[in-house]
Amino acid sequence: MFSDMGHNWKQYRQEDSIGSFSGNSNADSVVQYKLQQPAMARFLRLIPLDWNPSGRIGLRLEAYGCPYSSDVVSFDGSSCLLYRLTAGSRRTSTSVVTLKFKTMRNSGTILQVKRSDGLSLNLELERGKLLLLLRRGRTLSTETRHLASLGSLLDDQHWHHVTLELHSLHVNLTVDKLTKRVQIPTELHHLDIDELSFGAVESLLQKTIISSRNFHGCLENLQFNGLNLLELAKVNDHRVAAVGNLTFSCVEPNSVAVTFSDPHSFLQLPWATASSSEGASVEFQFRTWNKAGLLLTFDLPQQGGVVWFYLSEARLKLHIQKGEKVLLELSAGSALSDGQWHSVELNSRRGHLSISVDKEEGGSAQASPSFPVAVESQLFFGGCPTEDRQESKDHLDTFYGCMRSITLDTNIVDLILVQQRQLGNYSNLQIDMCGIIDRCSPSRCEHGGCCSQSWTNFHCNCSDSGYSGATCHSSVHEPSCEAYKHNGNTSGYFYIDVDGSGPIKPQLVYCNMTETDTWMILQHNNTELTRIRPSPGVDQLSVHFGYLSEEEQLLTAISQSEHCEQELSYHCRKSRLHNTSEGSPFSWWLGGPGSGRVHTHWGGAHPDSQQCSCGLQGDCVDPQLFCNCDADGTEWSEDSGLLTHKESLPVRALVLGDVQRPGSEAAYRVGPVHCYGDKNFWNAASFDKQTSYLHFPTFHGELSADISFLFKTTTSSGVFLENLGIKDFIRIELSSSTWVVFSFDVGNGPLEVKVESRVPLDDGRWHRVRAERNIKEASLQLDDLPVATQQAPTDGHVHLQLNSQLFIGGTASRQGGFRGCIRSLKLNGATLDLEERAKITPGVRPGCPGHCSSYGPLCQNQGRCVEKPSGFSCDCSSSAYTGIFCQTELSGSFKAGTSIRYSFKDPYEWSRNSSHLPSSIYSDSTPRGENISLSFRTTQSPALLLYISSFYRGHVALLINKHDKLEVRYKLDSSRDAEVLRSGVRGMANGHLHSVSIRRQTHTVSMQVDQNARENFNLTSDGEFNAIKSLVLGRVYESDDLDPHLTRVASLGFTGCLSVVQFNSINPLKAALLHPDSSPVVITGPLAQSNCGSPASANPYTMETTHHLSDQSDSVGSGQPLVNAFRTDSALIGGVIAVVIFVIVSALAVTARYLYHRKDTYRNQEGKQVKQEDSPDFPFNNQMDSQNRSTESTKEYFI
């Protein structure tokens, strides 16, 4: 411990732990320690923690220090010290004020840097913290702006060092060893300092001191730009003036505090007042972080009961109890666990009892008990002796905190006498010091986490921060759309965190997950085709684009992607881009980091080429020019294409020049940024031998470290990662086929966190490891297993100090290395480039093939996983589903006249003509059995769902009979009647979604409806269903081979929804909806793609959302575009809006009438596209970028 006046001691701390030293073990040896942090003190105090068991008690000590000079001044709350600058010394590029202060008050103005116009920068204590404030004015209604806050518990009566550096554009504020840089408001740029005021807020001329905001305490070594102001004050320099009673020494009250830091701590004081039977008066001050704890207890005279004075939920409570009976309860105050000093008074006189907090400012309570409240003999503060602990109130927590200024009936208790065992008794107390520590200053909670604390620990509330863990260090979001896809997600909005635990915030983006690539879409404020309206007198039009992502988010997302592109289109009529006489362009754009660099090439051309896409392809309107618009034609033309060089993305602004000439018209479109691929996600290395490894620079994770990676192996053990220091280390290893171990040492001894897997980890599949270590705990997670944690020791060492190289896949000893693959290795959010290092390292190969063993289960519904160099894809050709994971149902909405006829022909002919098509469209027409599955929803009965015919007049039919049950009719032998198999499940036409699965193997048929038990049937005929001719969904128009009953049902058609229809390996509904032109299907009547496969109980025809095939037109008409226009004339705006509204309403009416007449018209495969009507004026439509059209339903995820 150390002190500058022989009392009010302070514990020396190393890092965040109590400093302790090992002494010599014999009479001759010398042990020398160099303090990590200097201590300014006149007194040292050593507390023996242990004795040498084989030696004698003794101490030889020599302290080494440095010369130190001190000039001190005391302020009593009604005084101040002023320094006026001369005219020549006011303007400097940098001004520096340094000082030290100590005080017992938690508020007061220490420094005011003033300007002549009343503007000032103030350093003020507020609740024990030092605030940097900007004030304007000199009255109580002064306008105040908070700029910064530093430090905590600065009212501890110890010296604190402050430095204020004033620069032209910013301020550096240092309190002890914490520094904060603050950008100052523009009105303070090039601050001309007129006066410095210490200790008060008023100037020398006003003479009035506002005591409530003034400083009580001592200042030491006041310096301004190296000038010692206290020396000038002592010699009465004219630049320095004193107001009030200043003393050039540190005069401070001798206050003795005690610290309750142990569960067994208590202070016992005798009640020595003669008039104890008439009442009692007890006063004291306390400070704590805990919301609960026993402050005081004593017995009433003559066994009248026990008084409990305690904190509960940060409120002060008084509880008087006799046996099991509660005699009295009072409460006062709130939020008393804030670490500030609070005064408490308990008074009992003449039948009146009162308690108050902070001189009644914090609350009070009174009562008039019918019994006297007095002290029998002893008072216990903070706890009870061990022998009395069983009798204490069971639910009361131990008090952890400090107390001082204990007064018993106006008699101040001398706690030094208690320390000397001359008064009362105590246990486990630290006397003449307050050992409170603010564990939230500085806050160890990262990423905006909210810090709260108790006496022994702190807690981080990470809600709404996007991060998790004990210190809000690890991101809860994935780093890219690619990572979300490989978690099994489909297209939608996601938060991505491009640097994991780094400083860049998560951003919300749209992930468009297609069957080939996973696109991330970064939007800006105007992606529409926008018409240019020239402004009079303006030769150039500048358009700037604001992106929804912040700068760092945007640039990092682009740099980490494999490929990025952005559409840039210019539509023109007599508006040129480049074709000037002197060669300089009319128009250009700015792109890249910051405000962007000037670029003169346009979409589809090479950088710096000053060309457009047509110039590169050689098909411009004028072959002598490099852009279509440079032809300066009177007809509408365009130059458009994709910008694909990531260094020039995103587009920041357009500068358009040739728009002022008569007849000039133009429009532009800058699409969103589209990126696919995550270079970090697939960055991998393969380790062939246990002696092979990769090495990288030392890992720096002193206070917080997170490590994540994926691995796969066929060996049972190996070290993934290791980094050593002199004594500290960090290591992650596979210790056996089911155990992963995270071990480290930060100076408190080795610690381990282990996770056991339920399945072997040497299975050749990818497994994910996440390890984190911070000053509170260490954690380890394997795959989706529960997180294992290991708490850090209280008041232990916290800094991880490493100095060797970081080894990946091996160790410094070259033993126990890892054989297998490591992928996507991130340390504190930064990805290590394993592939580049592996290219130059023997025994290690870049990349790692084989992903389907891990990600194959993502392919659903008979989809097949296909390996790719970086990742995988799902082949849905054999599935009735579609989508990136074959998870999207294909459903069709049928009307009474709708029919889908799927034709089977000779297999050789089909394989010859259509070998490029998937097997789900062409297959064997002579199966030995059938597997039929489909889902449906309808209110029609009877109804034919599916009909399959053969060239030999056989058939299979699935229908709903008039009793709302399913029937399967088999006619395998043309010479015999059809056999009818009826299900026992009712209610098939109730409008709900139902599924059916039918299997036949020779004469055995089984059928399952919904989740009901499978029903088995036997056919009497053993014939094969040979030479299949066709499969029909819906109405059967060719009914020559049908019996009368089936003919009648087939003529009714089917009204409702069919979904995921599969016959063996054939998917007829999928072929009709997705491949109507290239598959052997004939569609008759209206057919609409629908979501009717989704569970619903309502009417399927009113609830379904349909997308008619006739609406899926890819043709682009000509005519004037629908654009956003810049308009400056207000009259023109009104007129144009009126005309546009009239035209739109008229067009909608005509379109509605036209669509109404077309709604139920006949549609077959010859008429599958609708050509848009041409508009004669402007030939460009406002098309959205094709990559922005998600093939998946849009979902929003907040993860």
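Basis of the calculations
Residues numbered from 1 in each chain as written. Predicted model: local features only at pLDDT ≥ 70, side-chain atom pairs only at ≥ 80, totals over all residues. Heavy atoms only, no water. UniProt positions renumbered as here; feature names shortened; annotations may be inferred. Salt bridge = Lys/Arg side-chain N within 4 Å of Asp/Glu carboxyl O. Helix = DSSP H or I, 4+ residues; strand = E, 2+ residues; numbered from the N terminus. Polar contact = N/O pair within 3.5 Å; in protein donor to acceptor, adjacent residues only side chain to side chain. Contact = heavy atoms within 4.5 Å. Buried < 20%, exposed > 50% of the residue type's maximum accessible area, 1.4 Å probe, protein only. Pairing = 2+ DSSP bridges. Axes fitted to C-alpha atoms, helices over the stretch in contact; angles between N-to-C directions. Phe/Tyr/Trp six-rings, centres within 6.5 Å; stacked < 30°, edge-to-face > 60°. Lys NZ or Arg CZ within 6 Å of the ring centre and 35° of its normal. Disulfide = S-S within 2.5 Å.

For the chain, an unreviewed UniProt entry supplies the name Contactin associated protein like 3 and the organism Nothobranchius furzeri. Turning to the chain, the UniProt record has this under Subcellular location (unreviewed entry): "Membrane".

A.B. asks: Account for the pattern of salt bridges, with residues named and values stated.
C.D. replies: One pass over the structure, following the stated rule, counts 30 salt bridges. Two residues, Glu 478 and Arg 768, come together in a salt bridge whose shortest N-O distance is 3.5 Å. You can see Glu 478 sitting in the loop between β37 (474–475) and α3 (481–485) and its partner Arg 768 sitting in strand β56 (residues 767–773), a full 290 residues away along the chain. For Glu 836, the salt bridge is made with Lys 839, and the minimal N-O distance between the two is 2.9 Å. Taken together, the salt bridges that share partners define one network made up of Arg 84, Lys 114, Asp 194 and Glu 195.

A.B. asks: Which residues make up the side chain of His 160, and what values do they have?
C.D. replies: By secondary structure assignment, the location of His 160 is in strand β12 (residues 160–166). Polar contacts involving the side chain of His 160 include one to the main-chain carbonyl oxygen of His 158, which spans 3.4 Å. Polar contacts involving the side chain of His 160 include one to the side chain of Asp 176, which spans 3.0 Å. Excluding its chain neighbours within four sequence positions, the residues that come into contact with His 160 are Leu 99, Lys 100, Phe 101, Leu 153, Leu 154 and Asp 176.

A.B. asks: Explain the pairing of strand β16 (residues 216–224) residue by residue, including any values.
C.D. replies: In terms of burial, β16 is largely enclosed, as seven of its nine residues are buried. Across five bridges, the pairing between strand β5 (residues 72–76) and β16 is antiparallel. Paired with Phe 75 across the strands is Gly 217, a residue of β16. As judged from the five bridges shared by strand β7 (residues 95–102) and β16, these two strands associate in the antiparallel manner. Considered in β16, the bridge of Lys 100 is made with Glu 220. The sheet contact formed by β16 and strand β17 (residues 227–228) spans two bridges and is antiparallel.

A.B. asks: For the sheet that holds strand β9 (residues 119–126), give the residues involved together with the corresponding values.
C.D. replies: Here seven strands make up an open sheet; going across it, the order is β11-β10-β9-β8-β15-β6-β18 and the pairing antiparallel. Of all the strands in the sheet, the pair left with one neighbour each is β11 (143–150) and β18 (240–243). If you compare each strand with its neighbour and ignore which way they point, the axes differ by 20° on average. Relative to strand β15 (residues 195–198), strand β8 (residues 108–114) runs antiparallel, the two sharing four bridges. Pairing of Lys 114 across the sheet is with Glu 195, part of β15.

A.B. asks: Explain the sheet that holds strand β52 (residues 718–724) residue by residue, including any values.
C.D. replies: Taking strand neighbours across the sheet as the criterion, the six strands line up as β50-β59-β52-β53-β54-β55 in an open arrangement whose pairing is antiparallel. If you trace the sheet from one side to the other, it starts and ends with β50 (694–696) and β55 (751–756), each paired once. The sheet shows a mean angle of 10° between the axes of neighbouring strands, taken without regard to direction. With three bridges joining them, β52 and strand β59 (residues 806–808) adopt antiparallel strand pairing. The residue of β59 that forms the bridge with Asn 723 is Leu 806.

A.B. asks: Go over the packing of aromatic side chains, please, and point to the residues and values.
C.D. replies: Using the criterion set out here, one finds 27 aromatic pairs in the structure. Centre to centre, the rings of Phe 681 and Trp 682 are 4.9 Å apart; their planes meet at 90°, and the pair counts as edge-to-face. As far as the burial class goes, Phe 681 and Trp 682 line up, both buried. One residue, Arg 823, lies across the ring of Trp 766, its end atom 4.7 Å from the ring centre. Sitting over the face of the ring of Phe 696, Arg 837 holds its NZ or CZ atom 4.5 Å from the ring centroid.

A.B. asks: Describe in detail the state of the cysteines, supporting the description with residues and values.
C.D. replies: The tally for this structure, following the rule as stated, stands at 14 disulfides. A disulfide bridge connects Cys 859 with Cys 874, and the sulfur atoms are separated by 2.0 Å. Between Cys 859 and Cys 874 the disulfide shows an S-S torsion of about -85°. By sign, it is left-handed. Taken as a pair, Cys 859 in the loop between α7 (852–855) and β63 (864–868) and Cys 874 in strand β64 (residues 871–875) lie far apart in primary sequence, 15 residues in all. Given a relative accessible area of 10%, Cys 859 falls into the buried group. Owing to a relative accessible area of 6%, Cys 874 belongs among the buried residues under this scheme. The partner cysteine of Cys 876 in its disulfide is Cys 886, sulfur to sulfur 2.0 Å. The sign of the S-S torsion, about -95°, decides the handedness of the disulfide formed by Cys 876 and Cys 886: left-handed. With Cys 876 in the loop between β64 and β65 (891–894) and Cys 886 in the loop between β64 and β65, this pair connects stretches of sequence that are ten residues apart. Note on accessibility: Cys 876 and Cys 886 belong to one class, buried.

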